[in-house]
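# Observations on chain architecture
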Amino acid sequence: MNFYPNDDKSSVKLNEDKNSIKLEVKNIKKSFEGILVIENVSLYLKNKEFVTILGLSGSGKSTIFNIISGLMIPDEGEIIIDGEDYTGKTGRVSYMYQKDLLLPWKNIIDNVALPLVIKGINKKDSRKEVEPYFEIFGLKGYEKKYPHQLSGGMRQRAAFLRTYMFSRDIMLLDEPFGGLDAITRSRIHYWLMEVLEKLETSVLFITHDIEEAIFLSNRIYILSDKPAKVIDEIIIDIPRPRTKDVTTSVRFNEFKKHILNIMDRLY
Amino acid sequence: MRKLQNTEGSKDREANEKPGNWKVNFNKNANMIKQTVDKSISMVFLILLLILWQIISSVGSIPKYILPSPLDVGITFVKVLPDLKDHLLTTLWEAIVGIVISIIVSFVLAVLMDSIAFFKKAIYPILILSQTIPIIALAPLFIIWFGFGLIPKILVVTLVCFFPIVVSFVDGMDSVDSDLLNLMKSMKASKLMVFRHIKLPAAIVSFFSGLRIAMTYSVMGAVIGEWLGGEKGLGVYMMRVKHSYSLDKFFAAIIVIVVLSMLLFKLISLIEYFCMPWKKVKAR
């Protein structure tokens, strides 16, 4: 297995088509109270691409997201979005957590419309704007329901739609399906695959689930344990949209074995 | 018993309407019966206590001016109710004005404490300290400062009530998930937006539990204020009848206070129900 060195050279080499790059994380470093958590991480996200950061729990994946979203400022390095420096600036990309974080006092349509309201659009117009998306996201008929009336899977769908309403070109998803049971989870994978086909969005995804990563991603970055650095980058060339059958295919299992080998060597 | 029969009857009816759902209906009704029984237990116990009290007084070992029997109290209650009306309205007015002032003061304090960390550090310990001061000791001071009018009574009510309200307000705002606040921050939401859409609704939920406690205190606070002097009010009435050893009238006033407090408590639950539409709908 070849390890890709994590210097600028490799990312330049991989980013041949500069125009299509949405988001670039350049050599970020971050330590908390003297402990190095992120050691020189560089990665990029192309237009309409689904990229996963795969690593163990507590490997600093969420810190990377906090830096990209602007909630944290890296000690070194920068975040470039559409060619502009967005280091430490919030309000550009949307962020989704494992918890759905839907507001229990708002019905689904108002929850979903909240990002637009925050942007300053009035309640009525924002409702009108989100309404057509309920069909695409398979949430039709749930507009007037309250979050506690929905199943866990449906709540995550609503949270995903809310995330999409904030930023339609770059979404950061931090283990969004980690709290769901296995069956609901694979169902939501097929659903996500379908929905993403209809949208023009780039997704950066965090997970520790190898199968989830392979099924959903165009590319996977494998992260080392703390301090985090990218130790491998794998391109998943299984054609999209992928269906259920993909998960039992030979190619899928080859990827799985390959990744498992890398991770075994790590920890 | 009648209630029990009613639920039985409705069970049969519903079962007939939807034969496939008989099990669900049966469970629902079994639940309702259980609730009714649970509620009646305390009622039955209370009635037993009253009967016991009645027996002890009728046996005659206790003179009426020391402890009147429940029956005497009941008869007196009906008799003096018209006289009590004015006193009742005065007390109710004091309680409600006191509560409204408490809500306003609590709201301002809670918002300030939530938005300015320094302010919270400075004020919160004083708030707790203020609760250790015996109100009964303060009330005479208020009368010296503000006379025998409504103001000292309203002040007592406010002092008693605002603490549970402000604490529940602040706790409600503190209880907001930090991830949710981060999410709002990542969306670049302004402080005002976060307050309006997140913190205020979150605080409202716990605010009501504080308000319900405060409401039951409010009548008591007003009565304590009135004990120490005044022209009208249930407390004033109680002091007067106590001086003439008409304890049956005294107990009648207590009944009025209990009923009034319970009605106010129910009123808050009702307002709460209408303020939180998301709680009305059943879970899936």
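Refer to the preceding data block for the structure.
Structure report, in brief. Since this is a predicted model, take the numbers as computed values, not measurements. (Residues numbered from 1 in each chain as written. Chains lettered and ligands numbered in written order. Predicted model: local features only at pLDDT ≥ 70, side-chain atom pairs only at ≥ 80, totals over all residues. Heavy atoms only, no water.)

The secondary structure content of chain A amounts to nine helices and 10 strands. For chain A, whose C-alpha radius of gyration is 18 Å, the value lies close to the compact-globule estimate of 18 Å for 267 residues. Considering only C-alpha atoms, chain A reaches an extent of 50 × 40 × 35 Å along its principal axes. For chain A, the proportion of its 267 residues judged to be buried stands at 55%. A sequence separation of at least 24 residues applies to 70% of the contacts in chain A between residues at least 6 apart. Entry remark: accessible area of chain A is about 11500 Å², with carbon and sulfur atoms responsible for 50%. (Helix = DSSP H or I, 4+ residues; strand = E, 2+ residues; numbered from the N terminus. Rg over C-alpha atoms; globule rule 2.2 N^0.38 Å. Buried < 20%, exposed > 50% of the residue type's maximum accessible area, 1.4 Å probe, protein only. Contact = heavy atoms within 4.5 Å. Areas by Shrake-Rupley, 256 points an atom, 1.4 Å probe, with all protein chains shown as cover.)

The subject of this paragraph is the packing of aromatic side chains. Residues and elements named next belong to chain B. As enumerated under the stated definition, the model contains 21 aromatic pairs over all chains in all. Geometrically, the ring pair formed by Phe142 and Trp145 is tilted, given 6.1 Å between the ring centres and 55° between the ring planes. Linking Phe142 with Trp145, this pair stays in helix H5 (residues 135-146), spanning three residues, or about one helical turn. Of the residues examined, Trp145 reaches a relative accessible area of 55% and is grouped as exposed. Centre to centre, the rings of Phe142 and Phe146 are 6.4 Å apart; their planes meet at 50°, and the pair counts as tilted. Separated by four residues within a single helix, Phe142 and Phe146 lie in helix H5, roughly one turn from each other. The class for Phe142 is buried, based on a relative accessible area of 8%. (Phe/Tyr/Trp six-rings, centres within 6.5 Å; stacked < 30°, edge-to-face > 60°.)

As a further point, take the sheet that holds strand S10 (residues 230-235) of chain A. Residues and elements named next belong to chain A. Taken together, six strands build an open sheet; the order of strands is S6-S7-S8-S3-S9-S10 and the sheet is mixed. In this open sheet, the two edge strands, each paired with only one partner strand, are strand S6 (94-96) and S10. Shown here is a sheet whose adjacent strand axes are inclined to one another by a mean of 15°, direction ignored. Note that strand S3 (residues 50-54) and strand S9 (residues 219-223) share four bridges and pair parallel. Its bridge partner lying in S9, Leu54 is registered against Ile222. Those strands touched by helix H2 (residues 61-68) are S3, S6, strand S7 (170-174), strand S8 (202-207) and S9, and its axis lies near 150° from that of S8. (Pairing = 2+ DSSP bridges. Axes fitted to C-alpha atoms, helices over the stretch in contact; angles between N-to-C directions.)

Once that is clear, we can look at a nonpolar patch on the surface. On the surface, Val44(B), Phe45(B), Ile47(B), Leu48(B), Leu49(B), Ile51(B), Leu52(B), Ile55(B), Ile56(B) and Val59(B) cluster together into a nonpolar patch covering about 960 Å² of accessible area. By secondary structure assignment, the location of Leu52(B) is in helix H2 (residues 22-59). (Patch = residues over 30% accessible without salt bridge, like charges linked within 9 Å, V, L, I, M, F, W, Y side chains within 5 Å. Salt bridge = Lys/Arg side-chain N within 4 Å of Asp/Glu carboxyl O.)

Glancing now at the interface of chain B and chain A. On the chain A side, the residues contacting the 22 residues of chain B number 24 residues. Between chain B and chain A we count two salt bridges in total. A salt bridge links Asp179(B) to Lys99(A), with the shortest nitrogen-to-oxygen separation between them at 3.1 Å. The tally of links between chain B and chain A comes to five residue pairs in polar contact (both at pLDDT 80 or more). (Polar contact = N/O pair within 3.5 Å; in protein donor to acceptor, adjacent residues only side chain to side chain.)

Read these as geometric descriptors, not functional statements.
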